[in-house]
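Here's the letter readout for the chains.
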Protein chains: 2
Amino acid sequence: MKTILRKILGAAALASAVAFTTTVSRAADPLPSWNDTAPKKAIVAFVQKVTNQGSPDFVPVTERIATFDNDGTLWAEQPIYFQWRFALDRVKALAPQHPEWKTKPPFSQLLSTPKEEHVAVSEHELMEIIIAAHAGMTTEEFEKIVKDWIATAKHPKTGKLYTEMVYQPMLELLAYLRANGFKTFIVSGGGIEFMRPWTERVYGIPPEQVIGSSGKLKFEMRDGQPVLRKLPEINFVDDKEGKPVGIQQHIGRRPIAAFGNSDGDLQMLQWTAAGNGPRFCLYVHHTDSEREWAYDRTSSIGRLDKGLDEAKARGWTIVSMKDDWKRIFQ
Amino acid sequence: MKTILRKILGAAALASAVAFTTTVSRAADPLPSWNDTAPKKAIVAFVQKVTNQGSPDFVPVTERIATFDNDGTLWAEQPIYFQWRFALDRVKALAPQHPEWKTKPPFSQLLSTPKEEHVAVSEHELMEIIIAAHAGMTTEEFEKIVKDWIATAKHPKTGKLYTEMVYQPMLELLAYLRANGFKTFIVSGGGIEFMRPWTERVYGIPPEQVIGSSGKLKFEMRDGQPVLRKLPEINFVDDKEGKPVGIQQHIGRRPIAAFGNSDGDLQMLQWTAAGNGPRFCLYVHHTDSEREWAYDRTSSIGRLDKGLDEAKARGWTIVSMKDDWKRIFQ
């Protein structure tokens, strides 16, 4: 027994050594793709204060909840939300089975849109299109379609896979927060079942920590096997006022840190900021027309207008992608 | 630097030593309140096989999802669901502000029920009562009411706090699964906001791992502060066919182990059993009229009829509380 225990302890010490060396070296610069400007300093100061057991601002591990918008915050969203491309591709793939779509808006609008152009449908219409196009399918069938698409579809401008258009500084931020005991969640207006098949691989965020818009589901038996069938009905829209509601329904406690990039994230940031104790709210501001895109108050995608004013008035952290990030993509 | 690293490593080794000693001693008997009968053996065999990296049945940590019903599975549910007591107490407390309830069913039925008696309302009506009684309140106000009630209200028969009527063997099972890398979730027909204020303290299950029935919420500003107001509308009923739907919406992947005690859990167990790879389904059968209660096929609370037949036909594990548990309560 003693020998076994000694062996186990030896292995444990080695594992700890590796783990701690990693932590120590990361502690030297946990955010290497961030310039040493104000946002990075604010992030590190916040994390240090909530994890310092002697600090009056100490927050127990279980309450270290951080929520992240996805489109425009963790990955790019121009010239149109990537999920719109998915919807477009899906509607085109399914069109032969639906001759009526040729003349029925909003399907007809999508089908007549050239690949490079904006799609003149609202986010809500897009959600309805995706839901209508996939009604009757099981959750597992839909998951496979998303996995196949995300593994092959490429961005029309950069030619990259969409999952290669995630922001390297944000990946580092997610890892840094998790290394400090935070649980990281996605809270996105995008479809929950569009994100879950790849967020664990790409962001290290498991499906149970992804909150998004959703359609209704129905449990039923198909050939003696239980399935969850997708119904042609919206269940929840996780955008604007919906974000704090989605957070409460899924997480059941208020985040202490929230990260967004548009007016659609404002209510999530307000809800986060209004809790007791230390709080951290951050907006990613798209200011880099060379390495990414530059847009804010007048953009139809990811508009940041009211949120920018409120962030300035309340002293929230604003990341200028051009000035504060050394690298944008991986 | 070297000295700091050595100090860190020293602390790490100590921490590991403590952690591993605990694991080793627990490994001796992870489930001390269980008799050495078939259910305990089946649980241990399942956990060993899915955690053994050399086994063809090995399951990666991220997929070790276990879901537990609450009423009758983790705590008692007789003579009426404990949440019904809460509803009864709340309706009585709020009755002076609602003179119309005296004559309006189902409120009138609740108000005229003596404390010891069954309440002749359905679970769905109960949900509606709770939602109607608390509409307009914020989520934080409701949380405080639940916390106050659960800290003081006592079971009419045993005189114990309700949180003292949780099953010791199930607490050990939760801890055993978590020590083996499982993420444990509650999936209950009970109100999500009725459970979350105390599940972390009592079961070690944080709010984000509690799935339950819920009412709709609305984000709004009250005196310049954001609040989530409870609306008088049901959002989701997490029972029967609703359980797999709730699991998909919240967790987004299928459990590999599921634990219930009634026909209301059958679809959750079917959904769990139908996945690929090793699966574990268990029913707690209430067979101990002395130490707890004995009921199954004809009970109005926690009926276990179809589920019992299916469990036997499919070889799921059935726990007889009388024969398989050394102790019932803490």
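The rules we used
Residues numbered from 1 in each chain as written. Chains lettered and ligands numbered in written order. Predicted model: local features only at pLDDT ≥ 70, side-chain atom pairs only at ≥ 80, totals over all residues. Heavy atoms only, no water. Buried < 20%, exposed > 50% of the residue type's maximum accessible area, 1.4 Å probe, protein only. Helix = DSSP H or I, 4+ residues; strand = E, 2+ residues; numbered from the N terminus. Arc of directions from axis to C-beta. Contact = heavy atoms within 4.5 Å. Phe/Tyr/Trp six-rings, centres within 6.5 Å; stacked < 30°, edge-to-face > 60°. Lys NZ or Arg CZ within 6 Å of the ring centre and 35° of its normal. Pairing = 2+ DSSP bridges. Axes fitted to C-alpha atoms, helices over the stretch in contact; angles between N-to-C directions. Buried area = accessible area lost by both parts, 1.4 Å probe. Salt bridge = Lys/Arg side-chain N within 4 Å of Asp/Glu carboxyl O. Polar contact = N/O pair within 3.5 Å; in protein donor to acceptor, adjacent residues only side chain to side chain. Least-squares fit on C-alpha atoms with pLDDT ≥ 70 in both. Parallel < 35°, antiparallel > 145°, perpendicular 65-115°, else oblique. Left-handed = near helix turned anticlockwise from the far one by under 90°. Nonpolar A, V, L, I, M, F, W, Y, C, P; charged D, E, K, R; others polar.

*Asks:* Can you explain helix H11 (residues 306-314) of chain A? Please cite residues and give values.
*Replies:* All names here are of chain A. Buried within H11 we find Gly307, Leu308, Glu310 and Ala311. One side of H11 carries all its buried residues, which in axial view fall inside an arc of 165°. Residues of H11 that are exposed and angled more than 90 degrees away from the buried face: Lys306, Lys312 and Ala313. Turning to H11, the residues buried within the fold contact helix H10 (266-273), strand S6 (280-285) and strand S7 (317-320). Positioned one or two residues after H11, glycine 315 has a phi angle of 70°, which is positive.

*Asks:* I'd like a rundown of the packing of aromatic side chains, residues and numbers included.
*Replies:* Within this structure, the stated rule accounts for 40 aromatic pairs over all chains. The interplanar angle of 75° and the centroid separation of 5.5 Å between the aromatic rings of tyrosine 81 of chain B and tryptophan 84 of chain B together place this pair among those described as edge-to-face. Three or more aromatic residues joined by ring pairs form one cluster here, namely Trp75, Phe82, Phe86, Phe142, Trp149, Tyr162, Phe194, Trp198 and Tyr203 of chain A. When the ring centre of tryptophan 271 of chain B is taken as reference, the NZ or CZ atom of arginine 254 of chain B above it lies at 3.6 Å.

*Asks:* Hey, could you go over helix H8 (residues 192-203) of chain A for me, with residue numbers and the actual values?
*Replies:* For H8 of chain A, the buried fraction is high: ten of the twelve residues fall into the buried class. Just downstream of H8 of chain A, glycine 204 of chain A is the residue with a positive phi angle, here 70°.

*Asks:* Could you give an account of the sheet that holds strand S3 (residues 210-222) of chain B, with specific residues and numbers?
*Replies:* Residues and elements named next belong to chain B. Read across the sheet, seven strands follow the order S4-S3-S2-S1-S5-S6-S7 without closing on themselves; strand pairing throughout is mixed. Every interior strand has two partners, whereas the edge strands, strand S4 (225-236) and strand S7 (317-320), have only one. Strand-to-strand twist across the sheet, computed as the mean angle between neighbouring axes with direction ignored, equals 30°. By the bridge criterion, three bridges tie strand S2 (residues 183-191) to S3 in an arrangement that is parallel. Across the sheet, residue glycine 191 finds its bridge partner in S3, namely serine 213.

*Asks:* Give me the interface of chain A and chain B: which residues, what numbers.
*Replies:* Put simply, an interface is often sized by how much accessible area is lost when its parts join up. The interface is formed by 46 residues belonging to chain A together with 46 residues belonging to chain B. With both sides pooled, the region where chain A packs onto chain B buries about 3,900 Å², and carbon together with sulfur makes up 61% of that total. Per-residue buried area on chain A facing chain B is highest for Glu208, Phe219 and Gln249 of chain A; these three make up 16% of the total on that side. Here chain A and chain B share eight salt bridges between them.

*Asks:* Provide a residue-level description of the pairing of strand S5 (residues 257-260) of chain A, including the pertinent values.
*Replies:* Residue and element names in this part refer to chain A. Every second residue of S5 is oriented toward a common face, with Ala257 and Phe259 on one face and Ala258 and Gly260 on the other, all of them buried. Pairing geometry for strand S1 (residues 65-68) and S5, over three bridges, is parallel. Looking at the pairing, threonine 67 lines up with alanine 258 of S5. As defined by bridge partners, S5 adjoins S6 across four bridges and the pair is classed as parallel.

*Asks:* Any details on the pattern of salt bridges? Residues and values, ideally.
*Replies:* Here the structure, examined in full by the defined rule, presents 35 salt bridges over all chains. Put simply, aspartate 29 of chain A and lysine 40 of chain A hold a salt bridge, and the shortest N to O gap is 3.0 Å. Taken as a pair, aspartate 29 of chain A in the loop between helix H1 (2-28) and helix H2 (38-51) and lysine 40 of chain A in helix H2 lie far apart in primary sequence, eleven residues in all. In this structure, the salt-bridge partner of lysine 230 of chain B is glutamate 193 of chain B, at a minimum N-O distance of 3.3 Å. Of this pair, lysine 230 of chain B sits in strand S4 while glutamate 193 of chain B sits in helix H8 (residues 192-203), and the two are 37 residues apart along the sequence. What makes lysine 230 of chain B buried here is its relative accessible area of 13%. Linked through salt bridges whose partners overlap, the residues forming this network are Lys183 and Arg253 of chain A together with Glu200 and Glu208 of chain B.

*Asks:* Describe the environment of glutamate 140 of chain A, with residues and values.
*Replies:* Secondary-structure assignment places glutamate 140 of chain A in helix H6 (residues 139-152). Overall, glutamate 140 of chain A belongs to the partly exposed group, its relative accessible area being 47%. Along the backbone, glutamate 140 of chain A and arginine 229 of chain A are 89 residues apart, and their C-alpha atoms lie at a distance of 9.1 Å. One polar contact links glutamate 140 of chain A to arginine 254 of chain B, side chain to side chain, over a distance of 2.9 Å.

*Asks:* Account for the side chain of serine 213 of chain B, with residues named and values stated.
*Replies:* Residue and element names in this part refer to chain B. Checked against the element boundaries, serine 213 lands in strand S3. A relative accessible area of 1% means that serine 213 is categorised as buried. When residues no more than four places from it in sequence are discounted, the contact partners of serine 213 are Met127, Ser188, Gly189, Gly190, Gly191, Ile192, Phe236, Val237 and Asp238.

*Asks:* Tell me about the relation of the copies chain A and chain B, and name the residues and values.
*Replies:* With an RMSD of 0.0 Å, chain A superimposes on chain B once it is rotated by 180° and translated 0.0 Å along the axis. Here the copies are linked by what is in effect a two-fold axis. Here 100% of the interface residues in chain A have copies in chain B that are interface residues too; the copies meet face to matching face.

*Asks:* Break down unusual backbone geometry for me, citing the residues and quoting the values.
*Replies:* The linkage connecting proline 105 of chain A with the following residue, proline 106 of chain A, adopts the cis geometry, with an omega of 0°. Mapping proline 106 of chain A onto the fold places it in the loop between helix H3 (82-94) and helix H4 (107-111). One non-glycine residue, aspartate 223 of chain A, lies in positive phi territory at about 50°. The exposure class of aspartate 223 of chain A is exposed, given its relative accessible area of 79%. We note that lysine 240 of chain B has phi near 50°; this positive angle belongs to a residue other than glycine. Structurally, the position occupied by lysine 240 of chain B is in the loop between S4 and helix H9 (242-250). The exposure class assigned to lysine 240 of chain B is partly exposed, which follows from its relative accessible area of 40%.

*Asks:* Tell me about the packing of helix H2 (residues 38-51) of chain B against helix H7 (residues 168-179) of chain B, and please be specific about residues and values.
*Replies:* Residue and element names in this part refer to chain B. Relative to each other, H2 and H7 sit at 15°, their axes nearing to 11 Å. In terms of their interaxial angle, H2 and H7 are classed as roughly parallel. Relative to H7, H2 is oriented so that their crossing is right-handed. Here Ile43, Val44 and Val47 of H2 come into contact with H7, specifically with Leu173, Tyr176 and Leu177. Broken down by class, the residue content of the contact of H2 with H7 amounts to six nonpolar, no polar and no charged.

*Asks:* Explain the side chain of serine 262 of chain B to me, using residue names and the numbers behind them.
*Replies:* Residue and element names in this part refer to chain B. Within the secondary structure, serine 262 is located in the loop between strand S5 (257-260) and helix H10 (266-273). A distance of 3.1 Å separates a polar atom in the side chain of serine 262 from the backbone nitrogen of glycine 264. Look past the residues within four positions of serine 262 in its chain and what remains in contact with it is Tyr283, Gly302, Arg303 and Leu304.

*Asks:* Could you give me a rundown of the pairing of S2 of chain B, with the residues and numbers involved?
*Replies:* Residue and element names in this part refer to chain B. Within S2, eight of the nine residues are buried, which leaves the element mostly enclosed by the surrounding structure. Bridge count for strand S1 (residues 65-68) against S2 is four bridges, and the pairing is parallel. Bridged to isoleucine 65 within S2 is lysine 183.

*Asks:* An account of the sheet that holds S7 of chain A is needed here, citing residue identities and associated values.
*Replies:* Residue and element names in this part refer to chain A. One open sheet accounts for seven strands, arranged S4-S3-S2-S1-S5-S6-S7; its pairing is mixed. The open sheet is flanked by strand S4 (225-236) and S7, the only strands paired with a single partner. Each strand axis lies, on average, 30° off the axis of its neighbour in the sheet, ignoring direction. H11 rests against S6 and S7 of the sheet, and its axis sits at about 135° to S6.

Shape descriptors only; they carry no functional weight alone.
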